[in-house]
Amino acid sequence: MKRRGIHRLISLVVIMAGILLNCREVNAQNDVQFTQYWAVPTYYNPGATGEIDFVRIRGGMRMQWLGIENAPKSFMGAADMPVKIGKKRIGVGVNLGQESLGLFSNMLLNAQLSYKIKFLKGVLSVGVQGGYYDSKFKGSEVYVPEGDDYHQPVDEAIPTQDVGGHAFDLSAGLWYTHKYFSIGVSGLHLLQPTVRFDSEGAQTSEVSQYETVLTRAMYFTANGNIGIKNTLFELQPSLMVKTDFNNFSAEAMMRATYKKFLTFGVGYRYRDAISAMIGGEFKNIFIGYSYDYPMSAISRVSSGSHELVIGYKVKLDFSGQNKNKHRSIRLM
């Protein structure tokens, strides 16, 4: 049965990756990009909320492309838990993502809900999330050097004062958990909200001509847990593929966990970077660190990216009534 589950995971990974590989091969970054995406599943898929019998809290910080001025700096926080209503089990959660990128500063706050049913000896979860998206641009810090061939000293397409705006966001996802693997597919920013900028501190209620769009995106994730016979090690492969149907990115990581305490792994992000990570869990406290080395021309000016994820979990007592218990396939 274990071998059959692994074969199903491999088949699904190959099928989904083949579909998404048809998209144009250009990287995009609308959401905070985490190398340890497997450690923060609810950030990318609301269906992953409440998958284990714990209150799970995670926070992450990423410093991308060190050495480049105004390079992306990201933070995220997430919390989720299962709730039983009668014989039904649902998941609830919240998450927050914040990123500064050049003169842009973006923040997205979400509330999440998922409904779970037994399916093929596992649990299928259907999740939705509603969010508040806020974007700001520091137009007062725009500098156009003299002799620039692409912009005039005064360019109407570039704000010259600080502007900002906000919009409602909606996302949904499916998440399936089996004893030996999990897979998920999600659609984020389904309404593709448009943020129209207003001048900060302006006395007029008129909307300016500036705007930005939070692009609709699709994510596919797969995680496995393979015990190595007669050893204290487990192998934990993971994959994430993401696209907005114009842009494409894929990354994979292979981790090994020793005594369910120490984990280490290596990964690859398509045409972007190679990565290494190390982490550990002790008394429900998780700490993971990863380093990305760029494989593109960015390596000429950047020493790479650093990422830290910290988490804590608290056991919930369902008095033995929860029949859907299953081992987590990640380091939790």
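Description of the structure in this document. Keep in mind that what you see is a predicted model, and the values were worked out from it rather than measured.

### Some points on the overall build of the protein
Secondary structure assignment for the protein yields 2 helices and 18 strands. Counting across all 332 residues of the protein, residues that qualify as buried make up 46%. Residue pairs in contact within the protein that sit at least 24 positions apart in sequence constitute 59% of those at least 6 positions apart. Just so you have it, the protein exposes about 17,100 Å², and 61% of that area is on carbon and sulfur atoms.

### Considerations on the nonpolar core
In this structure, Trp38 and Tyr44 are the most contacted members of the largest nonpolar core, which totals 18 residues. For this core, the elements supplying multiple residues, two or more each, are α2 (41-44), β2 (73-85) and β11 (217-224). Membership of the second largest hydrophobic core comes to 11 residues, among which are Tyr180, Phe220, Ala222 and Phe248.

### Details of the packing of aromatic side chains
For the structure shown, the criterion picks out 8 aromatic pairs. For the pair tyrosine 176 and phenylalanine 181, a centre-to-centre distance of 6.2 Å together with 50° between the ring planes defines the contact as tilted. Accessibility expressed as a relative area gives 3% for phenylalanine 181, which makes it buried. Members of the aromatic cluster, connected to one another through ring pairs, are Tyr43, Tyr44 and Tyr219. Here lysine 313 stacks its cationic end above the ring of phenylalanine 54, 4.5 Å away from the centre of that ring.

### Points about the environment of leucine 124
Of note, leucine 124 is situated in strand β5 (residues 122-137). Separated by 58 residues in sequence, leucine 124 and serine 182 have C-alpha atoms that sit 9.8 Å apart.

### Structural notes on the side chain of arginine 56
In this fold, arginine 56 is placed in strand β1 (residues 54-66). Overall, the relative accessible area of 3% leaves arginine 56 in the buried class. Separated by 3.3 Å, the side chain of arginine 56 and the backbone oxygen of alanine 48 make a polar contact. Polar side-chain contacts of arginine 56 include one of 3.0 Å to the side chain of glutamate 51.

### Regarding the pairing of strand β14 (residues 248-258)
Among the 11 residues that make up β14, 8 are buried, leaving the element largely enclosed by the rest of the structure. Where strand β13 (residues 233-243) lies against β14, 11 bridges are found, and the strand directions are antiparallel. In the sheet register, glutamate 234 faces β14, and the bridge partner there is threonine 257. Between β13 and β14, which pair antiparallel in sequence order, lie 4 residues; one of them, phenylalanine 245, sits at a positive phi of approximately 75°.

Conventions used here
Residues numbered from 1 in each chain as written. Predicted model: local features only at pLDDT ≥ 70, side-chain atom pairs only at ≥ 80, totals over all residues. Heavy atoms only, no water. Helix = DSSP H or I, 4+ residues; strand = E, 2+ residues; numbered from the N terminus. Buried < 20%, exposed > 50% of the residue type's maximum accessible area, 1.4 Å probe, protein only. Contact = heavy atoms within 4.5 Å. Areas by Shrake-Rupley, 256 points an atom, 1.4 Å probe, with all protein chains shown as cover. Core = buried A, V, L, I, M, F, W, Y, C linked by side-chain atoms within 4.5 Å. Phe/Tyr/Trp six-rings, centres within 6.5 Å; stacked < 30°, edge-to-face > 60°. Lys NZ or Arg CZ within 6 Å of the ring centre and 35° of its normal. Polar contact = N/O pair within 3.5 Å; in protein donor to acceptor, adjacent residues only side chain to side chain. Pairing = 2+ DSSP bridges.

In short, shape yes, function no, at least from these values alone.
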